[in-house]
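# Structure at a glance
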Amino acid sequence: MRAEDSAAPNAATTAAPSAAPSVVPQGASDSRPAPTPADDPERGSRPRVVIAVDLPEALCQQIAEAEPRVDVIRDHTLYRPRHGPADWAGDPDHVRTPAEQTAYDEMVDSADVLFSLPDVDPSALRRTAEANPRLRWVQAMAAGSGAQVRAAGLDPATLERITVTTTAGVHGRPLAEFALFGVLAGAKTLPQLAAQQRAHEWSDRWEMKQLDEMTVLIVGLGGIGSACASLFSAVGAHVLGTTRSGEPVDGVDELVPADQLVAAAARADAIVVTLPGTAATEGLVGAEVLEAVRPGTILANVGRGTVVDESALLAALEDGRIGFAALDVFATEPLPSTSPLWDHPRVLVSPHTAALSSHEEARIVRLFLDNLGRLLDGAELRNVVDTVEFY
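Residues numbered from 1 in each chain as written. Predicted model: local features only at pLDDT ≥ 70, side-chain atom pairs only at ≥ 80, totals over all residues. Heavy atoms only, no water.

A few words on the overall build of the protein. The helix and strand tally for the protein stands at 12 helices and 12 strands. Counting all 391 residues of the protein, 50% fall into the buried class. Sequence separation of 24 or more characterises 67% of the internal contacts of the protein that already satisfy a separation of 6 or more. Surface summary for the protein: the accessible area is close to 17,400 Å², and the carbon and sulfur share equals 53%. (Helix = DSSP H or I, 4+ residues; strand = E, 2+ residues; numbered from the N terminus. Buried < 20%, exposed > 50% of the residue type's maximum accessible area, 1.4 Å probe, protein only. Contact = heavy atoms within 4.5 Å. Areas by Shrake-Rupley, 256 points an atom, 1.4 Å probe, with all protein chains shown as cover.)

Structural data, given as structure tokens:
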């Protein structure tokens, strides 16, 4: 359906106009000054926020009501149908008619600010960035959206003009809970318990690991890693965390310089990977790290699949260095049916679903509104994608 409060097709808000600040030049750091839309006599001075994916209408209205300085543009008849909550990309088999695609592109190309990459598609971001010189800010839908920005292949001038922000922090707690679940599953020998239950086998007793006697290494202390540290610390684990900044993080007992990952892995009973997928992190948890671990080490990955070398992981599973692996992400997704990870008895495969929550949409809108206020006030935006390393 179309927005009921639209004054014209694809228009959304009718609040009194207010002048937009002039454009603030952008830098390259994560705390660059906020870009602000330039005035256009033909369109007026009110910034246009275009919702590029099927955000529920109640949340579209929330944005419009919370920030009357902008026009919120959406047309629910033009979005790809969703399969469920936070299915931002929508049905991949849905095809717009030529007229619908033209209308969608025109709506997206009118934006000063985009809520989501169009159709969550890097190539569509590139198209609209080239078509619309007014576009200044894109709110992406994932915590690790740097890979999408890199895939868009934007030229340096466009990367300088358009700020992209991520949803870092929105998914931290759900992913931390999956990491805790994965480590517990390994510590409490879930595969053996499940196999014996299926066989109706009551065996002799065996010893399980206790979290308050374990050392857990968290690889990456961003939003997800910090949430993991909080949970593992709360259950009594001794928490190590790799860092590049050296800044203390609540719940981390020992900070480990990033270049000492191998030595830290050798001390750990469990390794939790939370890093984004970048050129610098690809294969970081590979043969060198996995050859250093003690037999039976547990691995959980809630960052990006490319950070873990899956061939090295399989070798470590086969010789027992990794006793259990809980994986929510993979180098290739969907995980190919031929992957040996599917059938390995000590691997838990989750189809990149650990962060999915019906509350995700509202959390992203709260983050977006905070940044939108910063944009309009000329303040720094949160969660800016680094356009050098793309994280």
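Attention now goes to the sheet that holds strand β5 (residues 163-165). The strands making up a sheet associate through hydrogen bonds between their backbones, and the pairing can be parallel or antiparallel. Reading across the sheet, the five strands line up as β2-β1-β3-β4-β5 and stay open at both edges, with parallel pairing between neighbours. With partners counted over all chains shown, the strands left at the sheet margins are β2 (71-73) and β5, one partner each. Here the strands of the sheet are splayed against their neighbours by 20° on average, with no regard to which way each runs. Two elements, strand β3 (residues 113-115) and strand β4 (residues 137-139), share three bridges in a ladder whose sense is parallel. Bridging across to β4, L114 finds its partner in V138. Across the face of the sheet, helix α12 (residues 360-377) comes into contact with β1 (48-51), β3, β4 and β5 while running at roughly 165° to β4. (Pairing = 2+ DSSP bridges. Axes fitted to C-alpha atoms, helices over the stretch in contact; angles between N-to-C directions.)

Moving on to the sheet that holds strand β6 (residues 215-219). Ordered by their spatial adjacency, seven strands build an open sheet running β8-β7-β6-β9-β10-β11-β12, and the pairing between neighbours is parallel. Each end of this open sheet is capped by a strand with a single partner; those strands are β8 (254-257) and β12 (347-349). Averaged over neighbouring strand pairs, the angle between their axes works out to 15° when direction is ignored. Judged from the three bridges that link them, strand β11 (residues 322-327) and β12 form a sheet pairing that is parallel. Opposite A326, over in β12, you have L348 as the bridge partner.

Moving on, we come to the packing of aromatic side chains. Per the counting criterion, the structure on display carries four aromatic pairs. Between F115 and F368 the ring centres are 5.1 Å apart and the planes differ by 90°, which places this aromatic pair in the edge-to-face class. Of this pair, F115 sits in strand β3 while F368 sits in helix α12, and the two are 253 residues apart along the sequence. The interplanar angle of 15° and the centroid separation of 5.0 Å between the aromatic rings of W137 and F368 together place this pair among those described as stacked. Of this pair, W137 sits in strand β4 while F368 sits in helix α12, and the two are 231 residues apart along the sequence. Residue classification places F368 among the buried positions, given a relative accessible area of 0%. One aromatic cluster is present, built from ring pairs that chain together W88, F115, W137 and F368. The ring of Y104 carries the charged tip of R96 above its face, separated from the ring centre by 3.8 Å. (Phe/Tyr/Trp six-rings, centres within 6.5 Å; stacked < 30°, edge-to-face > 60°. Lys NZ or Arg CZ within 6 Å of the ring centre and 35° of its normal.)

Attention shifts here to the pairing of β11. Counted residue by residue, β11 has five buried out of six residues, so it is predominantly covered. Pairing geometry for strand β10 (residues 297-301) and β11, over five bridges, is parallel. By the bridge assignment, L299 is partnered in β11 with A325. A crossover connection joins β10 to the parallel β11 through helix α11 (residues 310-318); in handedness this β-α-β unit is right-handed. (Right-handed = clockwise from strand over helix to strand, strands pointing away.)

So yeah, pure geometry; function would need other evidence.
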